[in-house]
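# Coordinate analysis (summary)
Okay, here's what each chain looks like letter by letter:
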Amino acid sequence: MSHNILDKVDRDDELTPAEMKALLDISDPAELQALYDCAYRVKARYVGKVAYFRGIIECSNICVKDCYYCGIRKSNTQVERFMMDEEEIVREAVWAFENEYGSAVIQSGERQDSAYIDLIERVIKRIKERTDGKLGITLSLGEQTEETYRRWREAGAHRYLLRIETTSPELYRRFHPADHSLEVRKNCLALLKKTGYQVGTGVMMGLPGQTSEDLVNDILFMKEIDVDMIGMGPYIPHRDTPMGKKIPPYTDGQRQAALILGLKMIAVTRITLKDVNIAAATALQALEHTGREMGLQCGANVIMPNVTETDYRPNYRLYDNKPCLDENSSMCRGCLTHRIQGIGETIGFNEWGDSRHYAKRMRS
Ligand code: SAH
Ligand code: SF4
């Protein structure tokens, strides 16, 4: 049944929401493989068989928010909090640069105090100086004011990742405290675009109660707001969170199902949005050792290897079973390079790897 839909994709015809849902609902292994292969053809045609690396620096686990799914939410008292100093963050960014990553992502829990905003601004400027303006800088630092986004943009950051998490108002309400707002988050995405960033968003898949209609709506939202980049990943319970406490550890079958849903979502998003950058989330690797490479084979074209110092990694645990907690950055680089070449892709070393979608948006 699904091959009529996939034929449409190969003809470059647009799919209806019902057809997108039908693809997300596939469970037959042969049909799944046909979906992944089709998404890979779309990827090869629109963005090429190149994987870009972004070195991710998880610079602090201090967070003022309390998302019910996240291991570093402010009410989790089991976490030892840390904040790297300026020099440490800059050093890791320079490491990423010297190792030809082309681009780095600075991520942390959310803070809006002025000491933090100033520190990030100084860090961005110093990274730009130390790398001669050559290292691309992406931020993933949550909801901020327009003024803050502008200051960081002017300091030299050029991309920003802010996942919408879910576009279903009901699910959003269920998984966040009352003072966290879907509308505020949507507005932040608009501010980011207005202040000149390449904007990335994404969702979690496999949230309790989430349906394939919800996921279709998520993809349509990303299309509608015309994003340049997408980072989405499976939800994985964390045992010290309100949501995780209600969910017993995943069985092998549940892990497999979460992985497949993650891969299907990447595939259908690639098929629908075509020329954007899509990251294969680290959470895929928490479910299956080779999960991120599988993501590349289903349409993703970006991988975000961790370049944070090994000592800090165990404290930046958004979900359980986070991989590579005890592997240092050089080990991660070597291991990934090998695995990606193994699936027949090249790596876009020393390139910013802006999405083709962004380049097109700028031309028009
Ligand atoms: N504080 C920033 C960035 C750090 S959190 C922000 O929230 O935007 C980065 C991402 O981790 C979130 O967007 C969320 O989608 C993801 N995340 C948090 N808890 C998770 C979990 N239990 N399973 C999978 N992803 C999770
Ligand atoms: Fe904080 Fe981000 Fe985790 Fe929410 S998802 S609690 S904002 S780190």
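The structure under discussion appears in the preceding block.
This one's a predicted model, so the numbers in the text were calculated from it and none came from an experiment.

The rules behind each value
Residues numbered from 1 in each chain as written. Chains lettered and ligands numbered in written order. Predicted model: local features only at pLDDT ≥ 70, side-chain atom pairs only at ≥ 80, totals over all residues. Heavy atoms only, no water. Helix = DSSP H or I, 4+ residues; strand = E, 2+ residues; numbered from the N terminus. Rg over C-alpha atoms; globule rule 2.2 N^0.38 Å. Buried < 20%, exposed > 50% of the residue type's maximum accessible area, 1.4 Å probe, protein only. Contact = heavy atoms within 4.5 Å. Lys, Arg positive; Asp, Glu negative; His and termini not counted. Charge placed at Lys NZ, Arg CZ, Asp CG, Glu CD. Near = heavy atom within 4 Å. Nonpolar A, V, L, I, M, F, W, Y, C, P; charged D, E, K, R; others polar. Polar contact = N/O pair within 3.5 Å; in protein donor to acceptor, adjacent residues only side chain to side chain. Areas by Shrake-Rupley, 256 points an atom, 1.4 Å probe, with all protein chains shown as cover. 1 Å grid on protein atoms, 1.4 Å probe; cavity = no way out; pocket = protein on both sides within 12 Å on 5 of 7 lines; lining within 4 Å. Points joined across faces, edges and corners; volume = space filled by probe spheres on them. Salt bridge = Lys/Arg side-chain N within 4 Å of Asp/Glu carboxyl O. Pairing = 2+ DSSP bridges. Phe/Tyr/Trp six-rings, centres within 6.5 Å; stacked < 30°, edge-to-face > 60°. Lys NZ or Arg CZ within 6 Å of the ring centre and 35° of its normal.

### Some details on the overall build of the chain
What the chain contains, in helices and strands, is 15 helices and 11 strands. The C-alpha radius of gyration computed for the chain amounts to 19 Å, which stays within 12% of the reference 21 Å derived for 364 residues, consistent with globular compactness. If you line up the chain on its principal axes, its C-alpha atoms span 55 × 45 × 40 Å. The proportion of buried residues among the 364 residues of the chain is 59%. If you take every contact in the chain between residues at least 6 apart in sequence, the share linking residues at least 24 apart comes to 75%. Of note, the chain has its 49 positive side-chain charges centred 2 Å away from the centre of its 53 negative side-chain charges.

### Looking at the site of ligand 2
Surrounding ligand 2, one finds Cys63, Lys65, Cys67, Tyr69, Cys70, Ile72, Arg73 and Gly109. Residues of the shell around ligand 2, tallied by class, amount to 5 nonpolar, 1 polar and 2 charged.

### Notes on the side chain of Thr166
Within the element layout of this structure, Thr166 appears in the loop between strand S5 (159–161) and helix H7 (169–174). Thr166 sits in the buried class, given a relative accessible area of 2%. Of the polar contacts made by the side chain of Thr166, one reaches the backbone nitrogen of Ser168; its length is 3.1 Å. With sequence-adjacent residues up to four places away left out, Thr166 is seen in contact with Leu171, Tyr172, Leu182, Val203, Leu207 and Asp218.

### Some details on the site of ligand 1
Taken together, the neighbourhood of ligand 1 is formed by 18 residues, with Tyr69, Arg163, Glu165, Arg185 and Ile236 sitting nearest. The separation between a nitrogen atom of ligand 1 and a polar main-chain atom of Ser108 is 3.1 Å. Within the backbone of Leu318, a nitrogen or oxygen atom sits 3.5 Å from a nitrogen atom of ligand 1. The protein chains hide 92% of the 540 Å² of surface that ligand 1 would expose on its own.

### Regarding the layout of surface pockets
Within this model, the largest pocket holds a volume of roughly 220 Å³. Along the walls of the largest pocket sit 14 residues, with Pro237, Pro249, Tyr250, Asp320 and Asn321 positioned nearest its centre. Partitioned by chemical class, the residues of the lining of the largest pocket number 8 nonpolar, 3 polar and 3 charged.

### Brief notes about the pattern of salt bridges
Summed over the entire model, instances satisfying the criterion amount to 30 salt bridges. The residue Asp13 makes a salt bridge to Arg11 at a minimum N-O spacing of 3.4 Å. A relative accessible area of 31% means that Asp13 is categorised as partly exposed. Here Asp66 makes a salt bridge to Arg73, at a shortest N to O gap of 3.3 Å. The same class applies to Asp66 as to Arg73, namely buried. Here the salt bridges do not stand alone but share partners, grouping Lys65, Glu110, Glu143, Glu165 and Arg185 into one network.

### With respect to the pairing of strand S6 (residues 198–201)
In the case of a regular strand, side chains alternate between the two sheet surfaces. Of the two faces of S6, the one holding Gln198 and Gly200 and the one holding Val199 and Thr201 are both buried throughout. In terms of strand pairing, S5 meets S6 through 3 bridges, oriented parallel. Paired with Tyr160 across the strands is Val199, a residue of S6. Where S6 meets strand S8 (residues 229–234), 2 bridges bridge the pair, whose relative direction is parallel.

### Brief notes about unusual backbone geometry
Peptide bonds are, in most cases, trans, and in most cases residues other than glycine have a negative phi. The residue Glu100 is not glycine, and still its phi comes out positive at about 70°. When you line up the elements, Glu100 lands in the loop between helix H4 (86–98) and strand S3 (103–108). Backbone geometry places Lys274, a non-glycine residue, at a positive phi of 60°. Residue class for Lys274 comes out buried when judged on its relative accessible area of 17%.

### As for the packing of aromatic side chains
Enumeration according to the criterion identifies 8 aromatic pairs in this entry. A ring pair is formed by Phe53 and Phe349, whose centres lie 5.8 Å apart and whose planes are at 85°; its orientation type is edge-to-face. With Phe53 in strand S1 (residues 50–53) and Phe349 in the loop between strand S11 (346–347) and helix H15 (356–363), this pair connects stretches of sequence that are 296 residues apart. Accessibility expressed as a relative area gives 22% for Phe349, which makes it partly exposed. On the basis of an interplanar angle of 85° and a centroid distance of 5.9 Å, the ring pair of Trp95 and Tyr101 is categorised as edge-to-face. We classify Trp95 as partly exposed; its relative accessible area is 22%. Aromatic rings pair up to connect Phe53, Trp95, Tyr101 and Phe349 into one cluster. The side chain of Arg153 reaches across the aromatic face of Tyr197, ending 5.9 Å from its centre.

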